[in-house]
Amino acid sequence: MNPFVLRAHLRTPVIRRGHVTLDALLMSSLACGDVSHLLHCENDLYFASSGFAVEAHATQRASFVASMRPEHSPHWLALLQSNTKDGDLKIGLGRQREAGNIINAYTATVANAIEWYATGDMKAVLEVVRSIPFIGKRRTAGYGEVVRWDAEVGELDGVVGYADDPLRPVPTERWTQGGDWVAVEAAWKAPYWDVRNRTRCFAPQV
């Protein structure tokens with residue numbers, strides 16, 4: 001396994017939440033929790049960076065309405081008592097705040113590409129990601145559309161950058177490069193949604 005750079009060239013702005021590490025991207029695509037056959041891994045820490053924007057031009061706001069529709073849902077009707085004489089449920093402003101529509105706001109990045117650094121089987125990784133047409137959040141709304149994927153031999157291992165900076169979340173007790181980095185709470189290993197895998201880490205700003 002050798003260092004390489006993976007790049008997703010974008011057609012549309014991308015919405016990122018969190019670090020979007022390459023191992024997480026591959027796990028999502030393959031629907032599995034272990035990609036050590038593709039990427040180098042030591043004690044659950046993959047040598048695979050967070051995704052970094054390449055030639056980012058701007059950011060833009062993106063808002064979406066999540067409709068709870070309590071008047072049509074038996075689940076919400078069981079929670080909300082009728083407030084009319086005929087037993088119907090009238091959704092006023094107060095009830096809308098409790099169980100009605102909500103607005104989710106995101107920040108989309110306008111960039112030429114998203115880039116990852118890693119150590120692993122470059123050709124095998126490229127074959128996996130070729131079938132991924134969108135990345136990031138709100139893909140069904142057209143965000144994060146990928147024009148093409150490419151990869152090339154790299155120099156960075158996916159954990160430590162040129163300035164001895166962290167390229168992905170790394171637990172502070174496992175960081176040996178030194179440097180005056182600010183520790184943050186972050187998920188550092190899969191499954192990333194599990195709160196037990198969150199701890200104090202040195203991590204890049206993405």
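Everything numeric in this text was worked out from a predicted model, so none of it was measured.

Q: Even after reading the chapter, I still don't get the sheet that holds strand β12 (residues 198–202), so can you show me in this structure?
A: In sheet architecture, strand pairing relies on hydrogen bonds along the backbone and comes in two forms, parallel and antiparallel. The strand order β10-β12-β11 describes an open sheet built from 3 strands, whose pairing is antiparallel. Looking along the sheet, the strands with just one partner apiece sit at the ends: β10 (170–171) and β11 (183–187). Relative to β12, β10 runs antiparallel, the two being bridged by 2 bridges. Note on β12: the bridge partner recorded for proline 171 is cysteine 201.

Q: I would appreciate a short explanation of helix α1 (residues 22–30) in the present structure.
A: Side chains of residues three or four places apart in an α-helix project in the same direction, reflecting 3.6 residues per turn. Taken as a whole, α1 has its buried residues at Leu22, Asp23, Leu25, Leu26 and Met27. Looking at the packing, one finds that the buried side of α1 touches β1 (2–10), β4 (45–46), β8 (113–120), α4 (122–129) and β9 (146–153). Taken from the residues just after α1, alanine 31 is the one with a positive phi, measuring 55°.

Q: Explain the pairing of β8 to me, please; I cannot follow it from the model alone.
A: Consecutive residues of a regular strand have side chains that alternate between opposite faces of the sheet. The buried count for β8 comes to 8 of 8 residues, which makes it a mostly enclosed element. On β8, burial covers both faces: Ala113, Glu115, Tyr117 and Thr119 on one face and Ile114, Trp116, Ala118 and Gly120 on the other are all buried. Bridge analysis of β1 against β8 gives 8 bridges, and the strand direction is antiparallel. Bridge assignment links arginine 7 to a residue of β8, and that residue is glutamate 115.

Q: Just checking my understanding: could you explain the nonpolar core for this structure?
A: The nonpolar side chains of soluble globular proteins are, as a tendency, buried together. With 25 residues, the main nonpolar core has Leu22, Leu39, Ile135 and Trp149 as its most contacted residues. Sequence-distant contacts of leucine 39, that is, excluding residues within four places in its chain, are made with Met1, Phe4, Leu22, Asp23, Leu26, Tyr46, Ala48, Ala118, Thr119, Gly120 and Val125. Counting 10 residues, the second-largest nonpolar core is a separate cluster that includes Leu45, Phe47, Cys201 and Phe202.

Q: Whenever I open this one, the pattern of salt bridges confuses me. Can you help?
A: Side chains bearing opposite charge may pair, as long as their charged atoms lie close to each other. Per the counting criterion, the structure on display carries 9 salt bridges. Of the charged contacts in the structure, one is a salt bridge between arginine 130 and glutamate 127, with a shortest N-O distance of 3.3 Å. Looking at arginine 130, the relative accessible area reads 49%, which means it is partly exposed. For arginine 198, the salt bridge identified is with glutamate 185, shortest N-O distance 3.1 Å. In this pair, arginine 198 sits in strand β12 while glutamate 185 sits in strand β11, placing the two residues 13 residues apart along the sequence. Overall, arginine 198 belongs to the partly exposed group, its relative accessible area being 36%. Linked through salt bridges whose partners overlap, the residues forming this network are Arg7, Glu115, Asp150 and Glu152.

Q: Help me understand the pairing of β12 in this model?
A: Where β11 and β12 come together, 5 bridges link them in antiparallel fashion. Following the sheet pairing, glutamate 185 is matched in β12 by arginine 200.

Thresholds, definitions, all that
- Residues numbered from 1 in each chain as written.
- Predicted model: local features only at pLDDT ≥ 70, side-chain atom pairs only at ≥ 80, totals over all residues.
- Heavy atoms only, no water.
- Pairing = 2+ DSSP bridges.
- Helix = DSSP H or I, 4+ residues; strand = E, 2+ residues; numbered from the N terminus.
- Buried < 20%, exposed > 50% of the residue type's maximum accessible area, 1.4 Å probe, protein only.
- Contact = heavy atoms within 4.5 Å.
- Core = buried A, V, L, I, M, F, W, Y, C linked by side-chain atoms within 4.5 Å.
- Salt bridge = Lys/Arg side-chain N within 4 Å of Asp/Glu carboxyl O.

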